[in-house]
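A closer look at the structure
Each chain, letter by letter, is given below.
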Amino acid sequence: MRSIKARFKKIEKENPYYSSLSCFAKAVSDQNFTRSAIAKNFTELVDKEDFDAEEKKNIIVHLSHL
């Protein structure tokens, strides 16, 4: 299994017009990453301008179900 960061960087490179949030969602989809791994990498990789800080927890919950 590749890391979330490696998958994210590959998707980001292949799709330069996607937002960082879209790239991240695509990177974690159908990969069975833990919620803690998703949360840690979300904070590191997703641009803060791509989401509302108040919704961060809900977004991470949603991403863990993808």
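Check the entry above for the structure.
Let me sum up the structure you'll find in this document. (Residues numbered from 1 in each chain as written. Predicted model: local features only at pLDDT ≥ 70, side-chain atom pairs only at ≥ 80, totals over all residues. Heavy atoms only, no water.)

Looking only at helices and strands, the protein features four helices and zero strands. Radius of gyration (C-alpha) of the protein: 11 Å, near the 11 Å computed for a compact globule of 66 residues. Its C-alpha atoms put the protein at 30 × 25 × 15 Å along the principal axes. Looking at the 66 residues of the protein, the share that counts as buried comes to 30%. Look at the contacts in the protein between residues 6 or more apart in sequence, and 53% of them connect residues 24 or more apart. As displayed, the protein has an accessible area near 4600 Å², and 50% of this comes from carbon and sulfur atoms. (Helix = DSSP H or I, 4+ residues; strand = E, 2+ residues; numbered from the N terminus. Rg over C-alpha atoms; globule rule 2.2 N^0.38 Å. Buried < 20%, exposed > 50% of the residue type's maximum accessible area, 1.4 Å probe, protein only. Contact = heavy atoms within 4.5 Å. Areas by Shrake-Rupley, 256 points an atom, 1.4 Å probe, with all protein chains shown as cover.)

Within the element layout of this structure, Ala-39 appears in helix H3 (residues 35–45). Judged by its relative accessible area of 24%, Ala-39 falls in the partly exposed class.

For the pair helix H2 (residues 20–28) and H3, interaxial distance at closest approach is 11 Å and the crossing angle is 150°. It follows that H2 is roughly antiparallel to H3 by the angle criterion. Classified by chirality, the crossing of H3 by H2 is right-handed. Contact residues: H2 offers Ser-20, Leu-21, Phe-24 and Val-28, while H3 offers Ile-38, Asn-41, Phe-42 and Leu-45. Here the residues of the contact of H2 with H3 sort into six nonpolar, two polar and no charged. (Axes fitted to C-alpha atoms, helices over the stretch in contact; angles between N-to-C directions. Parallel < 35°, antiparallel > 145°, perpendicular 65-115°, else oblique. Left-handed = near helix turned anticlockwise from the far one by under 90°. Nonpolar A, V, L, I, M, F, W, Y, C, P; charged D, E, K, R; others polar.)

Function cannot be inferred from these measures alone, as they are strictly geometric.
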